[in-house]
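# Understanding the architecture of this molecule
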Amino acid sequence: MTMCPSNKTEYRSSKLTSTTCKVSKLMDISILHQAVYNNFRGREDVIAKKSAKKKPDGKLAWYPYCQNSFKEGACPRIGGKRQSCITCEAQQFHGYTPEIVQQHIKGDLIIGIYPLLKDSRCWFIAADFDNHAGTSDPYKDVMSYAGQLLGAGLTPYVLRSTSGTGYHVYVFFSSPVPAWKARVVVGWVLQASGALGGKNSGESFDCFFPKQDTLDDKGLGNLIALPFQGEASEKGHTLLLDPATDYQDVFADQVAALNSIVRSDEANLDALIAAHQLERPVDNTGKAQAKLMRMEPTTTLPGFIPERARNNTLFCFACSLQAKGYADDDIRGVVHERNITECQPPLPLEEVDSIIAGVLTRYPKGSKKGANGNGSEVPIQCSKRVLDVLLDAPVQGDAVVPPRYALGVDGVFEIREKQYDLLMPVPLVVSLRMKDIVTKNEIVEVAWLRDGCWEHHQVPKRTIADSKDLLGLADKGLLVTSSNARDVIDYLYAYEVANLKAIQVQSCSGQLGWQAQDSFLWGAKQLVPNDVVGATDVTFVARDDGDRQFAEGLVSKGNLENWVAMVNKVSQFDPVFIVVMASLAAPFLQVLDAANFVLDLAGETSKGKTTSERLAAAAWGDPIDGSSTSIILNWAATPVFMERRASLLNGIPLILDDTKTASSPETVAAFVYSFGAGRAKGRGSIKGTQQSPTYSTILITSGEQSITDIASSHGGVAARALSLWGAPFGDGDNSALVNELEQVVAENHGHAGPRVVQFILDHRDEWPLWKEAYRESIQFWTTTTEGNSPSKRLSKSIAFLSVVIPLVHAAIPELQIAKPMREVLKGLLVAVNQGAQQADRAKEALKTVWEWAVSNPTKFWEQHRGDSNERHLEPHQGWAGRWETGKAPYIGFTGKALGNILGVSEVATMTKTWSDRGWLKQSSSKGLQVNTRVNGSLVGLYVVPLATFESILGLGDQE
């Protein structure tokens, strides 16, 4: 923010310098006109044009710029008729455009704008100071007014008027604000500056633009000449003046000055209106200062100052005296006197001296008014910096205590009728605002001082907007109750309004891992490419204590070398090696657009499954069971918890130990099935549906049973899980090796994962090559698998690992491979295919009906029995179908027979799956069934060729 100079009592000449005269020649009009248009905004449907025709008072006239003005056959004034442009039927006003501004700057014409919009709002408010009579001192008033605006938190911009004898002082807004609010606030500031009359007034103030609070239907409001007019700017007039030169010289770079304008907003006005009890004038056109002259002083010292409020009260009192221009010795004497007579108990003398010294050295001295009892004394409302009363507060240097409140080490006080009411016995501030880059929600960090240290807590914005939500912070130590919660909410709102620009704003995320292609959150640390400068800082903000606890486990300890040495030592065991590689492969999923998958270790207990998981977890953080920050979890959790934990991780593996701790097999099955989609279940909210976060990661899990066995009721699980059966460290006695491994990972973890991520970030230019290699790898590995869908989908996971594992080794060259990678992966594929086959319900169903048919051949026509007279003996429950042994042998089943074998509910699902895989001989007229003769009658049968049984069930291999 550009700082304005302090108020000056001495008069300075406003003559132009040589620098001023040269500036306009250096301005690039092609750029300047857009900057002027963007800042000096008013009505866009009409502008005013300065005419060459003079009014009776000798001044040039202004008219709405109409394209039909004095045009023959259009303008009624051609014939001498008196006609208002506002009500003229032929009006065709010229709009406010960048092109018309460019003409204005070139000097081709002189235009004015109408600052009061149709809805009685305005983009700026300007104060006009002039010296028409030659007896006033506009510069003196401008300096006082500008300094006072800055003290109120509003940034002034000063231009010399077209004539060069006056000034316009602008305050700009980020969006249109009600004109009455802008006028009443700057009117109060003008009154406080002393520029409206009295001993120190230059008596040059003329009016504000806009001049009205509201716009009626009969007019356009008052116009103001647009600055940067060609002829005037050549003289150095109507250009922005540099406050660093006490508004004597213009900015050398006007475009840069325009593009860096600091704007206020309606919230700033509302805060000042509330703090100083300003009211909207009843008279729309009356001068604001008429009401302000009658205002009572807003800063007084109470007759009794309680112990908790002493520092803050004396500080504010010293600020008020400094702003009024009292001598330093007078300030010291009065403040010490008030300390002794009114503070209970008085502060130590040296502490009061420190408070006074801080005020005298930090704030400029104002001009003394009313010292002899004459004139109207309206003291300046001094902005109280939080750091002046709380030296170690976690706030920005320009953060202030909100109006109507006092803040100190003893708490928050509300000032009511010269009394200090305690709201809370601990100081409370809003230290940070954060915007979630994923959900776009806002989060705030609140901090309070208790037990000698500042407590920081990040909460959703609604927490400090609703008293019921605020009570949740009581568990964190905030001294808030149902009695004071509403008042504390009001204080926090006032604090935020008073510090809209002072509270630091950061980007944040509630998800760990990938945030974008150039940002990765590993716990509290953000990883970015080494060649990127100025990357957006993203901070992790936990959604709950569980997320925070997990993030705290993503830390490093020991060194990478010891962990790598341990991995190399156990790499001879394929399952262990694959688990570690899968853990480090997780951040590559999003880069290669690969799907989530599960790596499952199944087998007897005490065979090294959990130890393998610890080694994999140690690549990222704390792998210690029982540790509060361990990143290894177990299945003893609700489905909602597991969904939320999965959605927390976007490129960091999810490790869940021991499936037998799950509440039910269905819990495991449902979670694994949804995990593959990478999205939590959609859930309803009061206003519709909640946003379902997406995630990209790998699930590493273990148990006595494989995931595919546990979730056999979900056929889709087999297509998502790489299930490895057996002891990861082999069947021999490897207890010594396992014990060594556990000791190493306890002392050395959290290095490998971040190193791999950094490698990925630093090689972004190679990502397209990696993706192409992945596509080619899918084609290769798909051809090596069987033709059923689970195996093909699992082959994509194998293809993914075949591409990523070499990249992991490129990131960590110290890692060694005990055997050729393709050999390892082929072995993995064989093991996985076996698991997929076991979990393939369609194949299992086919096997079931085959075994039943072999056990009950006489229930099929052509295999049936006959009596002594060669009559066909029909089975007791009817024919099960037909078993044909001719040139095209097959077994045909009736729907009833399949229902008895598989269960009625399974018939439709299984026969449809068999059909999809080409296992059924079908007839177009009968759908999935074929009309076949059984005992002379045509019967619809589900026909499976014997060749299908042999190939799918491997019957030929068993012979």
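Calculation notes
- For every chain, the first residue of the written sequence is number 1, and numbering continues from 1 along that sequence.
- Residues qualify for local features only when their pLDDT is at least 70, as the model is predicted, and side-chain atom pairs are given and counted only at 80 or more; totals for whole chains, interfaces and linings, by contrast, use all residues.
- Water and hydrogen atoms play no part in the side-chain values, which are based on all heavy atoms of the structure.
- Grid spacing is 1 Å over the protein atoms alone, the probe is 1.4 Å, and a cavity is where that probe fits but cannot get out, while a pocket is an open set with protein on both sides within 12 Å along at least five of seven lines and lining residues have an atom within 4 Å of a point.
- Grid points are joined across faces, edges and corners, and a volume is the space filled by probe spheres set on the points.
- When residues are grouped by polarity, Ala, Val, Leu, Ile, Met, Phe, Trp, Tyr, Cys and Pro land in nonpolar, Asp, Glu, Lys and Arg in charged, and all others, Gly among them, in polar.
- Only runs of H or I of at least four residues qualify as helices and only runs of E of at least two qualify as strands under DSSP, and these elements are numbered from the N terminus.
- Polar contact is defined as a pair of N or O atoms within 3.5 Å, subject to the rule that within protein one atom must be able to donate a hydrogen and the other to accept it, and that residues adjacent in sequence are counted only when both atoms are side-chain atoms.
- Throughout, a residue-residue contact means that at least one pair of heavy atoms, one from each residue, lies within 4.5 Å.
- For every element, the axis is a line fit to its C-alpha atoms; helices are fit only across the contacting stretch, and the angle between N-to-C directions ranges from 0 to 180 degrees.
- Each angle receives one of four descriptions, namely roughly parallel if under 35 degrees, roughly antiparallel if over 145, roughly perpendicular if within 65 to 115, and oblique otherwise.
- In a left-handed crossing the near helix is turned counterclockwise from the far helix by less than a right angle, and in a right-handed crossing that turn is clockwise.
- For Phe, Tyr and Trp, rings pair up if their centres lie within 6.5 Å, where Trp contributes its six-membered ring, and each pair is then called stacked (planes under 30 degrees apart), edge-to-face (over 60) or tilted (otherwise).
- Relative accessibility under 20% of the residue-type maximum defines a buried residue, over 50% an exposed one, and the middle range a partly exposed one, all with a 1.4 Å probe and only protein chains included.
- Criterion for a charge above a ring: Arg CZ or Lys NZ at most 6 Å from the ring centre, at most 35 degrees from the ring normal.
- Here the expected length of a helix is defined as 1.5 Å per residue gap, with one fewer gap than residues.
- Any two strands between which DSSP finds at least two bridges are classified as paired.
- In plain words, nonpolar cores are sets of buried Ala, Val, Leu, Ile, Met, Phe, Trp, Tyr and Cys residues tied together by side-chain atoms within 4.5 Å.
- Whenever a carboxyl oxygen of Asp or Glu lies within 4 Å of a side-chain nitrogen of Lys or Arg, that contact is scored as a salt bridge.

The gaps of empty space that remain are located by a probe, the size of a water molecule, rolled over the atoms. This structure, assessed with the given rule, holds four cavities of 30 Å³ or more. Here the largest cavity is characterised by a volume of approximately 90 Å³. In terms of lining, the largest cavity is formed by 13 residues, of which the most central are Cys66, Cys75, Arg77, Cys85 and Cys88. Residues of the lining of the largest cavity, tallied by class, amount to seven nonpolar, five polar and one charged.

What follows concerns the side chain of His168. Its location among the elements puts His168 in strand E6 (residues 167–178). For His168, the side chain forms a polar contact with the side chain of Asp128, separated by 3.2 Å. With sequence-adjacent residues up to four places away left out, His168 is seen in contact with Ala127, Asp128, Tyr157, Val158, Leu159 and Ile224.

Running from N to C, helix H29 (residues 841–855) and helix H32 (residues 946–953) point in directions that differ by 125°, and their axes come no closer than 11 Å. With respect to each other, H29 and H32 are oriented oblique. The interaxial crossing formed by H29 with H32 has left-handed handedness. On H32, the residues that touch Lys843, Leu846, Lys847, Val849 and Trp850 of H29 are Leu946, Phe949, Ile952 and Leu953. Its residues placed into classes, the contact of H29 with H32 shows seven nonpolar, no polar and two charged.

What describes a pair of aromatic rings is the distance from one ring centre to the other and the angle between the planes of the rings. Evaluated as defined, the whole model comprises 33 aromatic pairs. A centroid spacing of 6.5 Å and a plane angle of 70° characterise the contact between Phe40 and Phe124, whose relative ring orientation is edge-to-face. Taken together, the residues Phe40 in the loop between helix H2 (29–39) and strand E1 (48–54) and Phe124 in strand E4 (residues 121–129) connect sequence positions 84 residues apart. Overall, the relative accessible area of 0% leaves Phe40 in the buried class. The class of Phe124 is buried, set by a relative accessible area of 0%. Measuring from ring centre to ring centre gives 5.3 Å for Trp861 and Trp879, while their planes differ by 90°; the resulting arrangement is edge-to-face. Separated by 18 residues along the polypeptide, Trp861 in strand E28 (residues 860–861) and Trp879 in the loop between E28 and strand E29 (881–884) bring together distant segments of the chain. By the burial criterion, Trp861 is buried, and Trp879 matches it. Each member of the aromatic cluster is reached from another via a ring pair, and the members are Phe40, Phe124, Tyr157, Tyr170, Phe172 and Phe228. Over the ring of Trp123 we find Arg41, and its NZ or CZ is 3.9 Å from the ring centre.

This next bit is on helix H4 (residues 138–151). Along its 14 residues, H4 runs 20 Å from first to last C-alpha, staying within 8% of the 20 Å computed at 1.5 Å per residue. Here H4 lies mainly inside the structure; twelve of its 14 residues are buried. Where H4 is concerned, the buried positions are Pro138, Tyr139, Lys140, Asp141, Val142, Met143, Ser144, Tyr145, Ala146, Gln148, Leu149 and Leu150. Buried residues belonging to H4 abut E4, strand E5 (157–160), E6, helix H5 (179–193) and strand E7 (205–209). Remark: Gly153 follows H4 within two positions and exhibits a positive phi of approximately 90°.

Okay, H5 next. Along its 15 residues, H5 runs 21 Å from first to last C-alpha, staying within 8% of the 21 Å computed at 1.5 Å per residue. Among the 15 residues of H5, 15 are classified as buried, and the element is accordingly described as predominantly covered. Positive phi shows up at Gly194, right after H5, with a value of about 80°.

Here H4 crosses H5 at 120°, and the two axes come no closer than 8 Å. The angle between the axes of H4 and H5 places the two elements in the oblique class. Two packed elements cross with a definite hand, and for H4 against H5 that hand is right-handed. Contacts from Ser144, Tyr145, Gln148 and Leu149 of H4 reach H5 at Val186, Val189, Leu190, Ala192 and Ser193. For the contact of H4 with H5, the per-class residue count stands at six nonpolar, three polar and no charged.

Of the two faces of strand E30 (residues 890–893), the one carrying Tyr890 and Gly892 and the one carrying Ile891 and Phe893 are both buried. Hairpin connection of E29 to E30: five residues between the antiparallel strands. The pairing of E30 with strand E32 (residues 937–945) spans four bridges and is antiparallel. When the sheet's bridge partners are listed, Ile891 is paired in E32 with Val944.

With that settled, consider the nonpolar core. Membership of the largest hydrophobic core comes to 105 residues, with the highest contact counts inside it found for Trp563, Leu584, Trp635 and Phe800. When residues of this core are assigned to their parent elements, the largest contribution, eleven residues, is made by helix H27 (residues 789–811). When sequence neighbours within four positions are dropped, the list of residues in contact with Phe800 reads Ala585, Phe588, Leu589, Leu592, Ala594, Phe597, Ile698 and Tyr774. If you look at the next biggest cluster of nonpolar residues, it comprises 74 residues, including Leu109, Phe208, Leu240 and Ile273.

This paragraph deals with the pattern of salt bridges. Applying the stated criterion to the full structure yields 27 salt bridges. Residue Asp593 is joined to Lys771 by a salt bridge in which the shortest nitrogen-to-oxygen separation is 3.7 Å. Residue Asp593 is located in the loop between helix H19 (588–592) and strand E20 (597–602), and its partner Lys771 is located in helix H26 (residues 767–783); the two are separated by 178 residues in the primary sequence. Where Glu772 meets Arg775, a salt bridge forms, and the shortest distance between an N and an O atom there is 2.7 Å. Here Glu772 pairs with Arg775, and both are found in helix H26, just three residues apart, close to one helical turn. The network of salt bridges with common partners includes Asp119, Arg121, Lys181, Glu266 and Asp270.

Consider a sheet: its strands pair through backbone hydrogen bonds, and that pairing is either parallel or antiparallel. Ordered in space as E21-E23-E26-E20-E27, the five strands form an open sheet in which the pairing is parallel. The two strands at the open ends of the sheet, each matched to only one other strand, are strand E21 (632–634) and strand E27 (721–725). Direction aside, neighbouring strands of the sheet carry axes that sit 20° apart on average. Contacts between helix H22 (residues 665–675) and the sheet are confined to E20, strand E23 (654–657) and strand E26 (698–703), with E26 contributing the most and set at about 160° to the helix.

At the junction of Phe209 and Pro210, the peptide bond is cis and its omega measures out at 5° in the coordinates. Considering the arrangement of structural elements, one finds Pro210 in the loop between E7 and strand E8 (224–225). A positive phi is found at Asp246, a non-glycine position, where the angle reads about 55°. Mapped onto the elements, Asp246 comes out in the loop between helix H6 (230–234) and helix H7 (254–259). Positive phi outside glycine occurs at Asp451, with the angle close to 55°. Mapped onto the secondary structure, Asp451 falls in the loop between strand E13 (442–450) and strand E14 (453–460).

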